[in-house]
Amino acid sequence: MKYEVILPAAGSGKRMGAGENKLFLKLNGIPILIHTLNVFQEDQDCSGIWLAAKPEEQDDIRSLLDEYGITKVKSIETGGDERQHSVQACVKVVEGTDIVLVHDAARPFIHKEVISRLADEADRSGAAVAGVRAKDTMKLVEDGVIQETVNRENLWIIQTPQAFKSSVLKEAEERAEADGFLGTDEAMLVERLGHPVTIVESTYDNIKMTTVDDLIFGEAIIKSRQEEN
Ligand code: CTP
Ligand code: MG
């Protein structure tokens, strides 16, 4: 299933504490942003990439696109203060596609096979998100005291990509904007339309580069994939 992808890349990486946007940090000698872009550059089903970036970082990003031969970027939009606003900027301009994926630029290890299942599922049902089953015992805690043990069978950890029919995502974003609603992912915006969102089982290595520990995990994932090949 053909799709276009929106990659929000306009964060600050505060939790990484690198003093710069974490997406410029390197894993195995290559910027995290390029690792993520390469997945979509190489995926035949991806017909275009829409980036959101801070104005002051757009020139550096354009240089990296040239340097690493990333040719599928159709536009770099100006990101906002919140991730949702960055995604929104791209949703407003994305065109020429029935299926749109939104994927954190900070998740470089997404598998092509999961992307493909997400795009197919979005085509079938309108909205699908990547997720993995919770592995640990989960408890609801208030003020440091356990209130209850939550049934783990029903708990999923949600990742990106999140895939949508273009019309569904556009409506969800317009409604959220009109209502001043801020969600933590795109699925939340679609859920509040009353539209079902399907889970597509993903992999535990689709981690988001968030803290310094993740750089160590990231290097390990790259190494283990190199050994597999
Ligand atoms: N993002 C964005 N615009 C924002 C905030 C985040 O485009 N205003 C992007 C980030 O660049 C990242 C993705 O959304 O690719 C996921 O966000 P997160 O992991 O939280 O990254 P940061 O916001 O950069 O990190 P932190 O929250 O630690 O500052
Ligand atoms: Mg953030």
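Numbers given for residues are sequential positions, taken from 1 along each chain in its written order. Chains carry letters and ligands carry numbers; both start at the beginning, A for chains and 1 for ligands, and go up in the order they are written. With pLDDT at 70 or above as the cut-off, local features in this predicted model cover only qualifying residues; side-chain atom pairs require 80 or more to be listed or tallied, and sums for whole chains, interfaces and linings still use all residues. The basis for the side-chain values is all heavy atoms of the structure; hydrogens and waters are excluded.

A. Spotlight on the pattern of salt bridges. Think of a salt bridge as a Lys or Arg side-chain nitrogen and an Asp or Glu carboxyl oxygen that are within 4 Å of each other. For the structure shown, the criterion picks out 15 salt bridges. The closest approach of N and O atoms between Arg-175 and Glu-171, which form a salt bridge, is 3.2 Å. Highlighted residues: Arg-175 and Glu-171, both in helix H5 (residues 166-179), separated by four residues, approximately one helical turn. Residue burial is assigned from relative accessible area. The probe radius is 1.4 Å, only protein chains are included, and a residue is buried under 20% of its type maximum, exposed over 50%, and partly exposed in between. Classification of Glu-171 as partly exposed rests on a relative accessible area of 37%. One salt-bridge network, in which partners are shared between bridges, spans Arg-83, Asp-104, Arg-107 and Glu-186. The helix count covers DSSP runs of H or I at least four residues long, the strand count covers runs of E at least two residues long, and both are numbered beginning at the N terminus.

B. Looking closely at the environment of Cys-90. Mapped onto the secondary structure, Cys-90 falls in helix H3 (residues 83-93). Among the residues examined, Cys-90 registers a relative accessible area of 0% and is labelled buried. Note on definitions: a residue-residue contact is assigned when non-hydrogen atoms from the two residues lie within 4.5 Å. Among residues more than four places away in sequence, those in contact with Cys-90 are Ile-6, Trp-50, Leu-51, Ala-52 and Glu-77.

C. Spotlight on the UniProt feature "site: Positions MEP for the nucleophilic attack" (unreviewed entry) in the protein. UniProt records the feature "site: Positions MEP for the nucleophilic attack" (unreviewed entry) for Arg-152 and Lys-208 in the present numbering. In this fold, Arg-152 is placed in the loop between strand S9 (145-150) and strand S10 (156-165). Inspection of the secondary structure puts Lys-208 in the loop between strand S11 (198-201) and helix H7 (212-228). Excluding residues that lie within four positions of it along the chain, Lys-208 makes contacts with Arg-15, Asp-104, Ala-106, Arg-107 and Asp-214. UniProt positions are given in the numbering used here, feature names are shortened, and annotations may be inferred rather than shown by experiment.

D. Molecular detail of the side chain of Arg-107. By the element assignment, Arg-107 lies in the loop between strand S6 (99-102) and helix H4 (112-125). A distance of 2.9 Å separates a polar atom in the side chain of Arg-107 from the backbone oxygen of Asn-206. Contact partners of Arg-107, with chain neighbours within four places excluded, come to Thr-36, Ile-158, Gln-159, Thr-160, Asn-206, Ile-207 and Lys-208. N or O atoms closer than or at 3.5 Å make up a polar contact, with two conditions inside protein: a donor-capable atom paired with an acceptor-capable one, and, for residues adjacent in sequence, both atoms drawn from side chains.

E. Broad picture of the sheet that holds S10. Pairing between two strands requires that DSSP report at least two bridges joining them. Spatial ordering of the open sheet is given by S5-S4-S1-S6-S10-S7-S11, a layout of seven strands whose pairing is mixed. Two strands bound the open sheet, and with one partner strand each, they are strand S5 (73-78) and S11. If you compare each strand with its neighbour and ignore which way they point, the axes differ by 25 degrees on average. For helices, the fitted axis covers only the stretch in contact; all axes are lines through C-alpha atoms, and the angles between them, taken along N-to-C directions, range from 0 to 180 degrees. Running over the sheet, helix H2 (residues 58-67) touches strand S4 (46-53) and S5 and is turned about 165 degrees from S5.

F. Main features of helix H1 (residues 32-42). Among the eleven residues that make up H1, nine are buried, leaving the element largely enclosed by the rest of the structure. For H1, every residue scored as buried is listed here: Ile-32, Leu-33, Ile-34, His-35, Thr-36, Leu-37, Val-39, Phe-40 and Gln-41.

G. Region of the structure containing the site of ligand 1. Close to ligand 1 lie 19 residues, the nearest being Ala-10, Gly-13, Lys-14, Ser-86 and Lys-208. Between ligand 1 and Lys-208 there is a distance of 2.7 Å, counted from an oxygen atom to a side-chain nitrogen or oxygen. For ligand 1, whose unbound accessible area comes to 560 Å², protein coverage reaches 88%. Residues are sorted three ways: Asp, Glu, Lys and Arg are charged, Ala, Val, Leu, Ile, Met, Phe, Trp, Tyr, Cys and Pro are nonpolar, and all the rest, Gly among them, are polar. Per-class residue counts for the shell around ligand 1 are six nonpolar, five polar and eight charged. Summary of the distance rule: residues count as near a molecule or strand when at least one heavy atom falls within 4 Å of that molecule or strand. Residue burial considers only the protein chains on display, and all accessible areas are found by Shrake-Rupley using a 1.4 Å probe.

H. Region of interest: the UniProt feature "site: Transition state stabilizer" (unreviewed entry) in the protein. UniProt tags Arg-15 and Lys-22 as "site: Transition state stabilizer" (unreviewed entry). Of note, Arg-15 is situated in the loop between strand S1 (3-8) and strand S2 (26-27). With respect to the helices, strands and loops of the structure, Lys-22 is situated in the loop between S1 and S2. With sequence-adjacent residues up to four places away left out, Lys-22 is seen in contact with Ser-12, Gly-13, Met-16, Ile-32, Ala-106, Met-209 and Thr-210.

I. Molecular detail of the packing of aromatic side chains. Centre distance within 6.5 Å is the pairing criterion for rings of Phe, Tyr and Trp, where only the six-membered ring of Trp is used; planes under 30 degrees apart are then read as stacked, over 60 as edge-to-face, and the remainder as tilted. This structure, assessed with the given rule, holds one aromatic pair. Arranged with centres 6.3 Å apart and planes meeting at 80 degrees, the rings of Tyr-3 and Phe-40 form a pair that is edge-to-face. Of this pair, Tyr-3 sits in strand S1 while Phe-40 sits in helix H1; the two residues are 37 residues apart in sequence, bridging distant segments of the chain. Phe-40 shares its class with Tyr-3; the two are buried. When the ring centre of Phe-181 is taken as reference, the NZ or CZ atom of Arg-192 above it lies at 4.3 Å. Cation placement over rings: the criterion is NZ of Lys or CZ of Arg within 6 Å of the ring centroid and within 35° of the ring normal.

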